[in-house]
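Descriptive analysis of the structure
Residue-level listing of the chains:
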Amino acid sequence: MTLTLAHGVETPKLAARSTAEGQISVRDLAVRHGSNPVVFSGVSFHIERGETVALIGANGAGKSTLLKCCLGLMAPANGEVRMSGQPIGGLGTGALRRLRGTVGFVAQRHNLVVRLSVLSNVLHGTLAANPGPGAWLHALASSTQRERAMEALERVGLAHLALKRADQLSGGQSQRVAIARALVGGPRFIFADEPAASLDPAAGEEVMQVFMRVARDTRTTLVFTTHNLDHALTYAERVLGLYERRLALDAPAVSLQTGGLRDLYN
Ligand SMILES: Nc1ncnc2c1ncn2[C@@H]1O[C@H](COP(=O)(O)OP(=O)(O)OP(=O)(O)O)[C@@H](O)[C@H]1O
């Protein structure tokens, strides 16, 4: 292995809530599913607000598991995750729900409700904060909700398609609507799990460009997983790599080349 060793492994300081907003601090994390062996252990890193980070590693390395830990969907076997300075292990149900409300999630498949309009689909992103019919049908949404949804669609360049049915969109357009849905609640973080994996190369590039622009313009912390090493190096400022149950790589994207990253897949 000729990988850059993980660095920046520091215990997060107890910063005031406002300054820690948008940060992710992971310290000495170990996770297992049930009674299985640990997926990884000793994982530590700190992500600043507004950073764009690619999480890479072979199938089964634990990328999705790591995202789930950051969302408090899995309790670690060891270590701690802090989101915006809050140790998520210590949060009650309500506080955890509020914290999850600050994370916009984009999956590999967009999961749009295809029979509804693009605008209604984006409004679904407000469901946690505004449960009610306005989060399902754009005709029933308040003008504020609709304005926010239209702003989110403008950010992904699809405002002109707001009233189109979602089943009339291309795969790339659908994924951009999913990004708008993730943005509409004004998240501090965006987590994207292989967001371009089901798209053709051109649509994949377009979606990654949208992510990058949105993260930069809104200073949202972006963490995406990918098997596309060119995407990792082009669209992230920093690359984290899981290999053999540990964090084997933590380096600025500009210091890396795709050839060196292939060691993570041996
Ligand atoms: N619900 C589960 N129950 C038991 N084991 C699981 C569960 N989910 C994932 N695993 C196991 O945990 C390990 C890590 O899986 P994970 O999905 O996090 O990897 P990944 O890096 O995201 O993989 P991929 O690139 O294939 O999506 C794998 O060995 C997987 O089989």
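Naming follows an unreviewed UniProt entry, where the protein chain appears as ABC transporter related protein of Ancylobacter novellus. Checking UniProt for the protein chain, the heading Sequence similarities (unreviewed entry) contains the comment "Belongs to the ABC transporter superfamily."

This brings us to the environment of Phe 105. Tracing the chain through its elements places Phe 105 in strand 6 (residues 103-106). Look at Phe 105 and you get partly exposed, because 17 C-beta atoms sit within 10 Å. On a C-alpha basis, the gap between Phe 105 and Ile 179 in space is 8.1 Å, while along the polypeptide they are 74 residues apart. Here Phe 105 is in contact with Ala 182 and Phe 191, once residues within four sequence places are set aside.

A word on the site of the ligand. In the vicinity of the ligand, the residues found are His 33, Gly 34, Asn 36, Val 39, Gly 57, Asn 59, Gly 60, Ala 61, Gly 62, Lys 63, Ser 64 and Thr 65. Top element by residues in the shell around the ligand is helix 2 (residues 63-70). It accounts for 3 residues. Residues of the shell around the ligand, tallied by class, amount to 2 nonpolar, 9 polar and 1 charged.

The subject of this paragraph is unusual backbone geometry. As a rule of thumb, non-glycine residues mostly have phi less than zero, and peptide bonds are mostly trans rather than cis. Located in the positive-phi region is Ser 84, a residue other than glycine, with phi close to 50°. Of note, Ser 84 is situated in the loop between strand 4 (78-83) and strand 5 (86-87). Accessibility expressed as a C-beta count within 10 Å gives 22 for Ser 84, which makes it buried. Positive phi, normally seen in glycine, also occurs at Glu 194, with a value near 50°. With respect to the helices and strands, the residue Glu 194 is situated in the loop between strand 7 (189-193) and helix 7 (201-218).

This part takes up the confidence of the model for the protein chain. Per-chain confidence: the protein chain averages 89 in pLDDT, with 88% of residues scoring 70 or above. Highest mean pLDDT in the protein chain belongs to strand 3 (residues 52-56) (98); lowest belongs to helix 1 (residues 17-20) (72). Predicted confidence for residues 1-17 stays below pLDDT 50, and this span has 29 contacts to residues more than four positions away or in other chains. Interface confidence in the predicted complex, given as ipTM, is 0.96; pTM for the same model is 0.89.

The next subject is helix 5 (residues 143-155). Since there are 3.6 residues in each turn of an α-helix, residues three or four apart along the chain are aligned in direction. Here helix 5 is 13 residues long and its end C-alpha atoms lie 18 Å apart, about the 18 Å a rise of 1.5 Å per residue gives. What helix 5 keeps buried is the set Gln 145, Arg 148, Ala 149, Ala 152 and Leu 153. One side of helix 5 carries all its buried residues, which in axial view fall inside an arc of 140°. Along helix 5, the residues that are exposed and aim more than 90 degrees away from the buried face are Ser 143, Thr 144 and Glu 147. Tucked into the core, helix 5 has its buried residues touching helix 4 (118-123) and helix 6 (171-183).

Quick look at the sheet that holds strand 4 now. Spatially, 4 strands are ordered 2-1-4-5 in an open sheet, and the strand pairing comes out antiparallel. The two strands at the open ends of the sheet, each matched to only one other strand, are strand 2 (38-47) and strand 5. Note that strand 1 (residues 24-32) and strand 2 share 6 bridges and pair antiparallel. Residue pairing in the sheet places Ile 24 in a bridge with Ile 47 of strand 2.

We now examine the sheet that holds strand 7. Pairing is mixed in the open sheet, where 6 strands are placed in the order 6-7-8-3-9-10. At either end of the open sheet lies a strand with only one pairing partner, and these are strand 6 and strand 10 (246-252). Averaged over all adjacent pairs, the angle separating strand axes in this sheet is 15°, with direction ignored. Relative to strand 8 (residues 221-225), strand 3 runs parallel, the two being bridged by 4 bridges. Looking at strand 8, one finds that Leu 55 is bridged to Thr 225. Along the sheet face, helix 6 touches strand 6 and strand 7 and points at about 165° away from the line of strand 6.

The rules behind these values
Residues numbered from 1 in each chain as written. Predicted model: local features only at pLDDT ≥ 70, side-chain atom pairs only at ≥ 80, totals over all residues. UniProt positions renumbered as here; feature names shortened; annotations may be inferred. Helix = DSSP H or I, 4+ residues; strand = E, 2+ residues; numbered from the N terminus. Buried ≥ 20, exposed ≤ 12 C-beta atoms within 10 Å, placed from the backbone. Contact = placed C-beta atoms within 7 Å. Near = placed C-beta within 6 Å. Nonpolar A, V, L, I, M, F, W, Y, C, P; charged D, E, K, R; others polar. pLDDT = per-residue confidence, 0-100. Expected span 1.5 Å × (residues − 1). Arc of directions from axis to C-beta. Pairing = 2+ DSSP bridges. Axes fitted to C-alpha atoms, helices over the stretch in contact; angles between N-to-C directions.

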